[in-house]
4 protein chains.
Amino acid sequence: MARGINKVTLIGNLGSDPEVRQIPSGQTVANFTLATSDSYKDNSGTMQERTEWHRIVVWGRLAEICGQYLKKGRQVYLEGRIQTRSWDDQKTGEKKYATDIVCNEMQMLGGQGGSGGGSYGDAGQQQGSTPAQPQARPQQNDQAAPPATSQPPSGPMIENNDKDDLPF
Amino acid sequence: MARGINKVTLIGNLGSDPEVRQIPSGQTVANFTLATSDSYKDNSGTMQERTEWHRIVVWGRLAEICGQYLKKGRQVYLEGRIQTRSWDDQKTGEKKYATDIVCNEMQMLGGQGGSGGGSYGDAGQQQGSTPAQPQARPQQNDQAAPPATSQPPSGPMIENNDKDDLPF
Amino acid sequence: MARGINKVTLIGNLGSDPEVRQIPSGQTVANFTLATSDSYKDNSGTMQERTEWHRIVVWGRLAEICGQYLKKGRQVYLEGRIQTRSWDDQKTGEKKYATDIVCNEMQMLGGQGGSGGGSYGDAGQQQGSTPAQPQARPQQNDQAAPPATSQPPSGPMIENNDKDDLPF
Amino acid sequence: MARGINKVTLIGNLGSDPEVRQIPSGQTVANFTLATSDSYKDNSGTMQERTEWHRIVVWGRLAEICGQYLKKGRQVYLEGRIQTRSWDDQKTGEKKYATDIVCNEMQMLGGQGGSGGGSYGDAGQQQGSTPAQPQARPQQNDQAAPPATSQPPSGPMIENNDKDDLPF
DNA sequence: TTTT
DNA sequence: TTTT
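Residues numbered from 1 in each chain as written. Chains lettered and ligands numbered in written order. Predicted model: local features only at pLDDT ≥ 70, side-chain atom pairs only at ≥ 80, totals over all residues. Heavy atoms only, no water.

Q: Describe the overall build of chain A, naming the residues involved and giving the relevant values.
A: Across its full length, chain A carries 1 helix and 8 strands. Counting only residues that meet the buried cut, chain A has 60% of its 168 residues in that class. Put simply, of all contacts in chain A between residues at least 6 apart along the chain, 58% involve residues at least 24 apart. About 6,400 Å² of surface is accessible on chain A, with carbon and sulfur atoms providing 51% of the total. (Helix = DSSP H or I, 4+ residues; strand = E, 2+ residues; numbered from the N terminus. Buried < 20%, exposed > 50% of the residue type's maximum accessible area, 1.4 Å probe, protein only. Contact = heavy atoms within 4.5 Å. Areas by Shrake-Rupley, 256 points an atom, 1.4 Å probe, with all protein chains shown as cover.)

Q: Help me get a handle on the confidence of the model for chain A, residues and values and all.
A: Residue and element names in this part refer to chain A. Looking at chain A as a whole, the pLDDT averages 76, with 67% of positions reaching at least 70. Across chain A, element-level confidence peaks in strand S2 (residues 19-22) with a mean pLDDT of 98 and bottoms out in strand S8 (residues 130-131) with 38. Taken together, the stretch residues 124-168 has pLDDT below 50 and engages in 136 contacts with residues farther than four places along the chain or on a different chain. (pLDDT = per-residue confidence, 0-100.)

Q: Summarise the pattern of salt bridges; cite the residues concerned and give the values.
A: Taken as a whole and judged by the stated rule, the model has 40 salt bridges over all chains. Across the salt bridge formed by A:Glu105 and C:Lys7, the nearest N and O atoms sit 2.8 Å from each other. In this pair, A:Glu105 is assigned in strand S6 (residues 95-109) and C:Lys7 in strand S1 (residues 5-14), connecting two distinct chains. Note on accessibility: A:Glu105 and C:Lys7 belong to one class, buried. In this structure, the salt-bridge partner of D:Arg55 is D:Asp100, at a minimum N-O distance of 2.8 Å. Placement of D:Arg55 in strand S4 (residues 47-59) and of D:Asp100 in strand S6 (residues 95-108) is noted, with a sequence separation of 45 residues between them. By the burial criterion, D:Arg55 is buried, and D:Asp100 matches it. Each of A:Asp89, A:Lys91, A:Lys96 and B:Glu94 takes part in a single network of salt bridges with overlapping partners. (Salt bridge = Lys/Arg side-chain N within 4 Å of Asp/Glu carboxyl O.)

Q: Break down the environment of B:Ile82 for me, citing the residues and quoting the values.
A: Inspection of the secondary structure assignment puts B:Ile82 in strand S5 (residues 75-88). Note: C-alpha distance between B:Ile82 and B:Asp100 (18 residues apart in sequence) is 6.0 Å. Setting aside chain neighbours within four positions, we find B:Ile82 in contact with A:Val8, A:Glu52, A:His54, A:Ile82, A:Ile101, B:Asn6, B:Val8, B:Thr99, B:Asp100 and B:Ile101.

Q: Lay out the packing of aromatic side chains with the relevant residues and their values.
A: Per the counting criterion, the structure on display carries 2 aromatic pairs over all chains. Look at A:Tyr69 and A:Tyr120: their rings are 6.1 Å apart centre to centre, the planes differ by 15°, and that puts the pair in the stacked class. Here A:Tyr69, found in helix H1 (residues 60-69), pairs with A:Tyr120, found in strand S7 (residues 118-121); they are 51 residues apart in sequence, far enough to count as distant. For A:Tyr69, a relative accessible area of 37% corresponds to the partly exposed category. With relative accessibility at 11%, the residue A:Tyr120 sits in the buried group. Over the ring of B:Tyr40 we find B:Arg50; its NZ or CZ atom is 4.3 Å from the centre of that ring. (Phe/Tyr/Trp six-rings, centres within 6.5 Å; stacked < 30°, edge-to-face > 60°. Lys NZ or Arg CZ within 6 Å of the ring centre and 35° of its normal.)

Q: Any chance you could break down helix H1 (residues 60-69) of chain C for me, citing the residues and the numbers?
A: For the α-helix, the turn length of 3.6 residues means that residues three or four positions removed from each other point alike. The set of residues buried in H1(C) consists of C:Gly60, C:Leu62, C:Ala63, C:Ile65 and C:Cys66. Of the surrounding elements, those touching the buried residues of H1(C) are strand S2 (19-22), strand S3 (28-41), strand S4 (47-59), strand S6 (95-108) and strand S7 (118-121) of chain C.

Q: Quick one: what's the story with the environment of C:Leu78, residue by residue and with numbers?
A: Along the polypeptide, C:Leu78 turns up in strand S5 (residues 75-88). Beyond its immediate sequence surroundings of up to four residues, C:Leu78 is in contact with C:Val8, C:Thr9, C:Leu10, C:Phe32, C:Leu34, C:Ile56, C:Cys103, C:Glu105 and C:Met106.

Q: Could you give an account of the side chain of D:Arg74, naming the residues involved and the relevant values?
A: All names here are of chain D. In this fold, arginine 74 is placed in the loop between helix H1 (60-69) and strand S5 (75-88). Of the side chains with opposite charge, aspartate 17 lies nearest to the buried arginine 74, which makes no salt bridge, at 10 Å. Here the side chain of arginine 74 touches leucine 109 through a polar contact of 2.5 Å, landing on its backbone oxygen. (Lys, Arg positive; Asp, Glu negative; His and termini not counted. Polar contact = N/O pair within 3.5 Å; in protein donor to acceptor, adjacent residues only side chain to side chain.)

Q: Quick one: what's the story with the pairing of strand S3 (residues 28-41) of chain B, residue by residue and with numbers?
A: Residue and element names in this part refer to chain B. Most of S3 sits out of view: 13 of its 14 residues are buried. When strand S1 (residues 5-14) meets S3, the two strands line up antiparallel, connected through 2 bridges. In the strand pairing of S3, asparagine 13 is matched with alanine 35. Two strands pair when backbone bridges link them, and strand S2 (residues 19-22) and S3 are joined in this way by 4 bridges, in the antiparallel orientation. Note on S3: the bridge partner recorded for valine 20 is alanine 30. Counting the residues between successive antiparallel strands, the hairpin from S2 to S3 contains 5 residues, one of them, glycine 26, with a positive phi of roughly 105°. Bridging between S3 and strand S4 (residues 47-59) involves 13 bridges; their strand directions are antiparallel. Looking at S4, one finds that threonine 36 is bridged to glutamate 52. Taking the residues that link successive antiparallel strands as the turn, the S3-S4 hairpin has 5 residues, and the phi of glycine 45 there is positive, at about 90°. (Pairing = 2+ DSSP bridges.)

Q: So what's going on with the side chain of A:Thr99? Residues and values would help.
A: For A:Thr99, the location among the structural elements is in strand S6. Among the polar contacts made by the side chain of A:Thr99, one reaches the side chain of B:Thr99 at a distance of 3.4 Å. What A:Thr99 contacts, discounting residues up to four positions off in sequence, is A:Arg55, A:Ile82, A:Gln83, A:Thr84 and B:Thr99.

Q: Just give me the short version of the state of the cysteines, but keep the residues and values in it.
A: The final tally for this structure, using the stated rule, is 0 disulfides over all chains. Among the cysteines around A:Cys66, which has no disulfide bond, A:Cys103 carries the closest sulfur, lying 5.7 Å off. (Disulfide = S-S within 2.5 Å.)

This is the structure in structure tokens:
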């Protein structure tokens, strides 16, 4: 019996429209980035703003909802878990890492062209009863050569290549 | 005025003793890894366990407490925020990323050689009123030659070697 | 479409063994109390401890698990939502209120006669996709007269009578 | 050393303008109610909406900010802890209970006549380092005759009358 | 790349 | 009524 808690709560704004795809197995996956900002006083006492960018991954029905209702700039509340993937970079032969937030609950906030708010959660995708979730990441940057098909075709270790070797 | 929430809640076990250091400014920083496990049913319906490793960074008084009381294997509850750092790898010329959890509350759980439990939080390090936090270990790899040391080279079942240029 | 978040995270110790019952509909419900303690400095600067008692309600499969594994004194992690019930007190004719935590995730911590830890969540009982949960509360105090049957037989407004008209 | 976690996360709308007062000690306290709504499927499979009302208490600088910026209807994100007070009702001689959320972080969301959003937290009022917080409005009902005033007599869809001796 |  |  496993034990552990791995939960993330975010409120921020989408940095891009969600990219929604079907993976070969038929599962729907959505990817987008989310910016969370916070303020703090620096050593000289002046307020500073710090923005953190998160890579969001959403599966199943909730992915479809994100694709339908979320747009760049939209403010949302998200819950999920942290997941770090690693792969061997073909070019340099180095091991690379990327950390995603696998989202299992989403709620639209505020205005921003939104038709009001809405709350969505997944039934049965939380900790302790999660269907196997194939690893996925957006391919938007895998332009050039080896298009690596369209998806996470290699299980937990995702081979990533070319140009851009990580985040957004 | 910034707006946003970036919160993480973890319960897991330390993969290594905390490494506590003073940075030039005099600030204390502690680093350790934490494993969170959860169970899920795979597509064939059999239970699977999945372990996620998190890089934890703690500042100030709480870092000292972690250094004093936490040991490899200890079960803890942590709260913090996600923070992704990036740097240019001197060797390959590539941009690299690492995601840390900057912890601002810690609570010891269960036994494990512990003197019982205890709850510790930082006074004034939460969102919205955070003292400027110098980036921890951000440049350690920016030198040409692999400084190697200075980071968590250990932990159960985690092999660390020259190949790896990032996490644990 | 509803919008809102109502989440509670607790780590504490059971003040009593869980009381597990079946309600007429066949649903299983468990009730117990949980103490959460925290320290703070009072105005004179001395540390004080403050204990808060929570009334926990658990439904379905998770209720059965609580009944099986949890005992008075056990340390647990719980997640749930706040729910306040009200009813008219028969004796005084006044409106009464009681606030429960409806738990949808539980994790055993530490020792206390426990066989280690374990993590349990409900599949599909979280916000946004919750099966109708009949209101329930422990009857342990409804000794005397009108035994009020054995359970929440009156929908959302629970009639409560006699002697003790509220919490534990 | 105390151990325990008692945290609440809410997103909802204010049911009333905050009522801000100074208590004799000079501390500022703000009170308001917050509605959180969520949807669920009832036994017949139809979607139902459920609204939960929370009594919010805020102290110090954050109370002043709430008084300045929050208005009835405003959508906010709140964090805090659960606190149940009890007192002896003079009229009936019974023990009464009320559960509040003591808020230590607030963030305005969405529009609603708001000047945008903002994030506010208390520096040093979280678990583990909390200044002694006097109980707010604990005795207001302890007088023989219903003082009535002094408390949230309003809010959307909330009828408040002499019958009620507690919450909103 | 977002937002205030 | 719990726990340290």
